[in-house]
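Geometric and topological summary
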Amino acid sequence: MMEASKNEMQAKKIVFFDGVCHLCNTFVDHLIQGDQQHKLYFAPLQGVTASQLLPAEQTKQLNSVIYFREGSSLQESQAVLQVLQDLGGLYKIFVIFKIIPSKLSNIIYRWVAKNRYAWFGERDFCRIATAEERSFLLP
């Protein structure tokens, strides 16, 4: 990736997700539908964008949504809540969950993440973008 291109990527708000997880893909589908202003970009943790912007240990652990914004990243429940807050509109109501200590909310997050394939299934391949989604789904 060229340096200017990498700098452009670092200025974006990117939601990294497990591309083969049904739960993660459903979450992304809801975010895409709710993001009428296209503030967010999306990329699988298994993809090129993740390998270029995130530390290797984050791309190898597929058990967390990672929200990359302002040059740094949030993980687990903090990532989900910040994405919803940044999305705005009715999604801002989820900010109320920030009163739950992150230690506790992350325990719940990790429990769901650990069981997500058993409960929701997984795909054989990463999500394929529709023609409409190609402008905000990154490789």
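Just above, that's the structure.
Residues numbered from 1 in each chain as written. Predicted model: local features only at pLDDT ≥ 70, side-chain atom pairs only at ≥ 80, totals over all residues. Heavy atoms only, no water.

1. A look at the overall build of the chain
Scanning the chain for helices and strands turns up six helices and four strands. When its helices and strands are written in sequence order, the chain yields α-β-α-β-α-α-β-β-α-α. Scored against the burial criterion, the 139 residues of the chain give a buried share of 42%. Intrachain contacts of the chain at a sequence separation of at least 6 include 68% that bridge at least 24 residues. As presented, the chain carries roughly 8200 Å² of accessible surface, and 58% of it is formed by carbon and sulfur atoms. (Helix = DSSP H or I, 4+ residues; strand = E, 2+ residues; numbered from the N terminus. Buried < 20%, exposed > 50% of the residue type's maximum accessible area, 1.4 Å probe, protein only. Contact = heavy atoms within 4.5 Å. Areas by Shrake-Rupley, 256 points an atom, 1.4 Å probe, with all protein chains shown as cover.)

2. Considerations on the nonpolar core
Ranked by internal contacts, the top residues of the largest apolar core, which has 32 residues, are Ile14, Val15, Phe16, Leu31, Phe42 and Leu54. Contributions of two or more residues to this core are made by strand E1 (13-17), helix H2 (22-34), strand E2 (40-44), helix H3 (48-53), strand E3 (66-69), helix H5 (76-87) and helix H6 (102-120). (Core = buried A, V, L, I, M, F, W, Y, C linked by side-chain atoms within 4.5 Å.)

3. Some details on the side chain of Gln82
Assignment of secondary structure puts Gln82 in helix H5. In this structure, Gln82 is in contact with Tyr67, Arg69, Leu74 and Lys98, ignoring residues within four places of it in sequence.

4. Some details on the pattern of salt bridges
Going through the model one piece at a time under the given rule, you end up with five salt bridges. In this structure, Arg69 and Glu70 form a salt bridge, with 3.7 Å as the shortest nitrogen-oxygen distance. Accessibility expressed as a relative area gives 16% for Arg69, which makes it buried. Salt bridges linked by common partners bring Lys13, Arg69, Glu70 and Asp86 together as one network. (Salt bridge = Lys/Arg side-chain N within 4 Å of Asp/Glu carboxyl O.)

5. Considering the environment of Lys103
Positionally, Lys103 belongs in helix H6. Expressed as a C-alpha distance, the spacing of Lys103 and Ser77, which sit 26 residues apart in the sequence, is 9.4 Å.

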